[in-house]
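Commentary on secondary and tertiary structure
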Amino acid sequence: MTNADTLGALLLENERTRPTKPAIREKDLGIWRTYDWAEYTQNVRDFAMGLAKRGFGAGDKLCVAGNNRPRLYWAELAAISLGGTAVPVYQDAIATELQYVLNNADVKVIVAEDQEQVDKVLSLRDGLTGLEYLVYDDSRGMAELEDDAAVLSFEEVQADGVEYGRANPTAFADAVAKVKSTDIALMAYTSGTTGNPKGVMLSHGNMVRTCRTFLENEDVRESDDLFSYLPLAWVGEAIYSTTVSLMSGCSCNCPEGPETFRRDGRELGATGFVAAPRSLEMVLSEIQVKANDASGIKRWVFNTFRDVAVDIENRKAEGLPISLGAKLKRAIGEILVYGPIRDQYAFRRARWVYVGGAPLGPDSFRFFRAMGINLKQVYGSTEVSGLVTLQSDEMASPDHVGKPCPGIEVRIDDNGEVLIKSEGVFQGSLKMAGSALATLGSWKAPDS
Amino acid sequence: MPAASTAGEVTLSVSGVSKYFGGVRAVDNVSVDIPKGSIFSIIGPNGAGKTSLVNMISGFYTPNTGSIIFQGKDITALRPNERAERGIARTFQNIALFAGMNVLENLMLGRHIHMKSNLLKACLYWGPNQREEVRHRARCEEIIDFLKLNDLRKQSTGALAYGFQKRVELGRALALEPDLLLLDEPMAGMNSEEKEDMARYILDVNEELGTTIILIEHDMGVVMDISTRIAVLDQGTKIAEGTPAEVQADPAVIAAYLGTSH
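About the thresholds
Residues numbered from 1 in each chain as written. Chains lettered and ligands numbered in written order. Predicted model: local features only at pLDDT ≥ 70, side-chain atom pairs only at ≥ 80, totals over all residues. Heavy atoms only, no water. Helix = DSSP H or I, 4+ residues; strand = E, 2+ residues; numbered from the N terminus. Rg over C-alpha atoms; globule rule 2.2 N^0.38 Å. Buried < 20%, exposed > 50% of the residue type's maximum accessible area, 1.4 Å probe, protein only. Pairing = 2+ DSSP bridges. Contact = heavy atoms within 4.5 Å. Axes fitted to C-alpha atoms, helices over the stretch in contact; angles between N-to-C directions. Salt bridge = Lys/Arg side-chain N within 4 Å of Asp/Glu carboxyl O. Buried area = accessible area lost by both parts, 1.4 Å probe. Polar contact = N/O pair within 3.5 Å; in protein donor to acceptor, adjacent residues only side chain to side chain. Domains from an automatic or database assignment. Parallel < 35°, antiparallel > 145°, perpendicular 65-115°, else oblique. Nonpolar A, V, L, I, M, F, W, Y, C, P; charged D, E, K, R; others polar. Expected span 1.5 Å × (residues − 1). Core = buried A, V, L, I, M, F, W, Y, C linked by side-chain atoms within 4.5 Å. pLDDT = per-residue confidence, 0-100. 1 Å grid on protein atoms, 1.4 Å probe; cavity = no way out; pocket = protein on both sides within 12 Å on 5 of 7 lines; lining within 4 Å. Points joined across faces, edges and corners; volume = space filled by probe spheres on them. Phe/Tyr/Trp six-rings, centres within 6.5 Å; stacked < 30°, edge-to-face > 60°.

Next up on the list: the overall build of chain B. When you go through chain B residue by residue, the secondary structure sums to 10 helices and 10 strands. Taken over C-alpha atoms, the radius of gyration comes to 19 Å for chain B, in line with the 18 Å a tight globule of 262 residues would show. Structurally, chain B occupies a C-alpha span of about 70 × 40 × 40 Å along its principal axes. In chain B, buried positions account for 48% of the 262 residues.

Encoded structure:
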């Protein structure tokens, strides 16, 4: 595995070692379009140089708002490569929430996906103190803003970057080399339970080392395809999609949009997923509704073989032996029920599926495992770069969260608080003195 | 970008057209000039002759008198398909989609006049034909994206909600890449949310694609909001024309809609 310890260095390493391997795909106009690592890096470089030309540098903050689009990832990495910080926000955040985050983080540049996001930002314009300009990805509906000097297209910034890069050919590599692993790469806003959202600062080192721990404990291959469907603002997306892809060389894949992501996911057949319990619950209830709507015989087949598989799962969990008859039935069920379900719900190629963020009910958990989906739990939080414990294939269970990963220490103190010591422990919350217990090298999970 | 303009070039000039059905004068000596890049609405009470006028523009009816000039050329005697080739597309008051075909196939059908392959070549589907198909598919995908039909592209249109069917119909008309688009009551029977969406798409087509639009619509709120100019018909004759504000203040229009007090 690579020794690079900043995201920019990882990017350049991918450009050098696997230039023609797919880095990111986007479904656009009905077709999956692939960008290899050379194109990916060039896009980041051009955008970064365009930012640099306009004075963006170390310590500056860039916000991205929108759905999962390659350009938003490139913009994040461009800012990070220059020593700046990416501040992703939830695409459905309302204007006032957005204003708080943008001002709290002193965001200098916003990269917005489309007209909807641009309009939202422009409605706040007078209240945004640090904002210098806004860049949009999709040009639809932007004609009337053409004369606005503070509204630029992604192409414009990249075109400037190409020019700037020609005049300063080593500028990008120099900037990347200057970034230290202790610099803040990502600021993830987390609501916590009370008060205003807190800007959790994660350094390059936090992200890279956490991701390394993950890769040491899970099978991720260069040829893998990950599905980028989680909100950009969620730490899980930054770690398990962007950073994992940078470190292992596998590809990220962006669906066409929120309306089509289920169908796109099936077309793609990702090799691994990290999912929130809610989306798995939705899949489960859809399967149940469809089974109930099916004709009598189909319903009988589904119910019978589901019960066989769930029964086997339960016996396994209790350490009981499984009869030959049950195994035989399971083999038939694999052809009639489990295989088709995995295919329909995008799990055909998935070697691992992690559920995290909240617990998934034990019955739901066992159902997915019974269908032959390697569902496991991950426990983590934004403040520890999204990883504390993982379940290995053998110990997958809905009843516990698994063992702490090697190198991560967990202790429950006398008050019942969870103390975590890890390379992933954040660098503190922005503008909140005293909340950083990072000085002790451990962090108290307030609610879990 | 082509913003709606009221002054300057005229895309379509209708002068003195009449259409008689036996003794009924459906349209009687009507003249309108449609400015390029405008949204031009035709309103009037039921039976005023709005659809007859649009049918003469699209070539479905031949006028008894008068002439229709489109982009400087007289098209009065041309057949509907010849007019379509020159860039006039329309949607219908009643949905006229192919219900058994999916959204994409309906849109591809709209590309028909742009396709050059003959039947034999198309059956072979090789070389230039394949490239042609790919090119047209790409154009249709742009329309799908434009009208946000992405998640419906493979759904058969018969099973779609009414509002979506209307949107697909608009898409099929756009697939022609028209310079002039005739929309005959695109919002009839819609709920207010669907109307709002459709109004947004009509404005987008006008502003982003620069298409000139002739709109027949009964919802006065929408007409007044999105039109650049309005012509008012009553019993086959034009009784007023102007900007929405002018038309709203016109005593003849008020009389036609509300009746006069004596």
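All names here are of chain B. Taken together, four strands build an open sheet; the order of strands is β2-β1-β4-β5 and the sheet is antiparallel. With partners counted over all chains shown, the strands left at the sheet margins are β2 (24-35) and β5 (73-74), one partner each. Two strands pair when backbone bridges link them, and strand β1 (residues 10-21) and β2 are joined in this way by eight bridges, in the antiparallel orientation. Its bridge partner being in β2, F21 is matched across the sheet by V24. In the packing of helix α1 (residues 50-58) onto the sheet, contacts are made with β1, β2 and β4 (65-70), and the angle to β1 comes to roughly 120 degrees.

Moving on: the pattern of salt bridges. All names here are of chain A. The full count for this structure, using the stated rule, is 47 salt bridges over all chains. Note that K108 is salt-bridged to E132, the shortest N-O span being 3.9 Å. Taken together, the residues span a long stretch of sequence, with K108 in the loop between α4 (95-104) and β5 (109-112) and E132 in the loop between α5 (115-123) and β6 (133-136) at a distance of 24 residues. What makes K108 buried here is its relative accessible area of 16%. Owing to a relative accessible area of 41%, E132 belongs among the partly exposed residues under this scheme. Taken together, the shared-partner salt bridges in this structure form one network comprising D219, R221, D224 and R351.

For the rest of this paragraph, the subject is the interface of chain B and chain A. Note on interface size: it is often stated as the accessible area lost on association of the parts. Counting from both sides, the interface comprises 13 residues of chain B and, opposite them, 11 residues of chain A. Counting each side, the surface lost to burial between chain B and chain A is near 1,100 Å², with a carbon and sulfur contribution of 42%. At the boundary of chain B and chain A, one finds two salt bridges. Between D204 of chain B and R140 of chain A there is a salt bridge, and its shortest N-O distance comes to 2.6 Å. Across the contact surface, chain B and chain A share six residue pairs in polar contact (both at pLDDT 80 or more). Elements with a contribution of two residues or more to the side of chain B that touches chain A: α5 (128-146) and α7 (192-208) of chain B. No other element matches α5 of chain B, which puts four residues into the side of chain B that touches chain A.

So, on to the domain arrangement of chain A. Residues and elements named next belong to chain A. What the domain assignment lists for chain A is domain 1 (7-270) and domain 2 (277-373). Put simply, the middle of domain 1 and the middle of domain 2, counted by C-alpha atoms, are 36 Å apart. Each partner contributes residues to the interface: domain 1 has 15 residues there, and domain 2 has 13 residues. Of the roughly 1,300 Å² buried between domain 1 and domain 2, counting both surfaces, carbon and sulfur atoms make up 40%.

Residues and elements named next belong to chain B. Burial runs high along helix α3 (residues 103-110): six of the eight residues are buried. Taken residue by residue, α3 has V103, L104, N106, L107, M108 and G110 as its buried positions. Close packing links the buried residues of α3 with α5 and α6 (162-175). If you check the start of α3, you find a side-chain oxygen 3.1 Å away from the backbone N of L104, and it comes from N102.

This brings us to the packing of α6 of chain B against α7 of chain B. How two helices pack is summed up by the angle between their axes together with the distance between the axes. Residue and element names in this part refer to chain B. Here α6 crosses α7 at 10 degrees, and the two axes come no closer than 10 Å. By the angle class used here, α6 and α7 are roughly parallel. Contacts between α6 and α7 involve G163, K166, R167, L170 and L174 from the former and E194, D197, M198, Y201 and V205 from the latter. Of the residues in the contact of α6 with α7, the class split is five nonpolar, one polar and four charged.

This part is about helix α3 (residues 70-81) of chain A. Residue and element names in this part refer to chain A. Along its 12 residues, α3 runs 16 Å from first to last C-alpha, staying within 8% of the 16 Å computed at 1.5 Å per residue. Inspection of α3 places P70, R71, L72, Y73, W74, A75, E76, L77, A78, A79, I80 and S81 among the buried residues, and these make up the whole buried set. Just past α3, the residue G83 takes up positive phi, approximately 90 degrees.

All right, on to the nonpolar core then. One finds L7, Y40, F47, L51, L62, V111 and F214 of chain A to be the most contacted residues of the largest nonpolar core, which totals 76 residues. Not counting residues within four places of it along the chain, the set of residues in contact with L7 of chain A comprises L77, I80, A185, H204, M207, V208, T243 and L246 of chain A.

Right, let's talk about the confidence of the model for chain B for a bit. With 95% of its residues at a pLDDT of at least 70, chain B reaches an overall mean of 87. Note that residues 1-6 of chain B has pLDDT below 50 and, in this model, 16 contacts with residues that lie over four places away or in other chains.

Residue and element names in this part refer to chain A. There is about 720 Å³ of room inside the second largest pocket. For the second largest pocket, the lining is made up of 31 residues, of which E286, I287, I341, Q344 and Y345 are closest to its centre. Residue assignment for the lining of the second largest pocket shows that the elements contributing at least two residues are α10 (261-268), β12 (272-275), α11 (277-293), α12 (296-317) and α13 (324-344). Among the elements that line the lining of the second largest pocket, the one with the most residues is α11, at eight residues. Grouping the amino acids of the lining of the second largest pocket by side-chain chemistry returns 21 nonpolar, three polar and seven charged. In terms of domain composition, the lining of the second largest pocket takes at least three residues from each of domain 1 (7-270) and domain 2 (277-373).

All names here are of chain A. Inspection of every chain in the model, using the stated rule, returns 17 aromatic pairs over all chains. Ring plane angle 10 degrees and centroid distance 4.3 Å describe the contact between F47 and F154, whose orientation is recorded as stacked. Of this pair, F47 sits in helix α2 (residues 37-53) while F154 sits in helix α6 (residues 154-167); the two residues are 107 residues apart in sequence, bridging distant segments of the chain. Across this residue pair, the class does not change: F47 and F154 are buried. Relative to F273, the ring of Y229 has its centre 6.2 Å away and its plane inclined at 75 degrees; by these criteria the two rings are edge-to-face.

This part is about the sheet that holds strand β10 (residues 237-242) of chain B. All names here are of chain B. Spatially, β6-β7-β8-β3-β9-β10 is the arrangement adopted by the six strands of the open sheet, whose pairing is mixed. The sheet is open, and its two borders are formed by β6 (88-91) and β10, each paired with just one other strand. Adjacent strand axes in the sheet meet at a mean angle of 15 degrees when their direction is disregarded. Here four bridges tie β6 to strand β7 (residues 180-184), and the two strands are oriented parallel to one another. Along β7, the bridge assignment pairs T91 with L183. Each of β3 (39-43), β7 and β8 (212-216) is contacted by α7, which is oriented at about 155 degrees to β8, the strand it contacts most.

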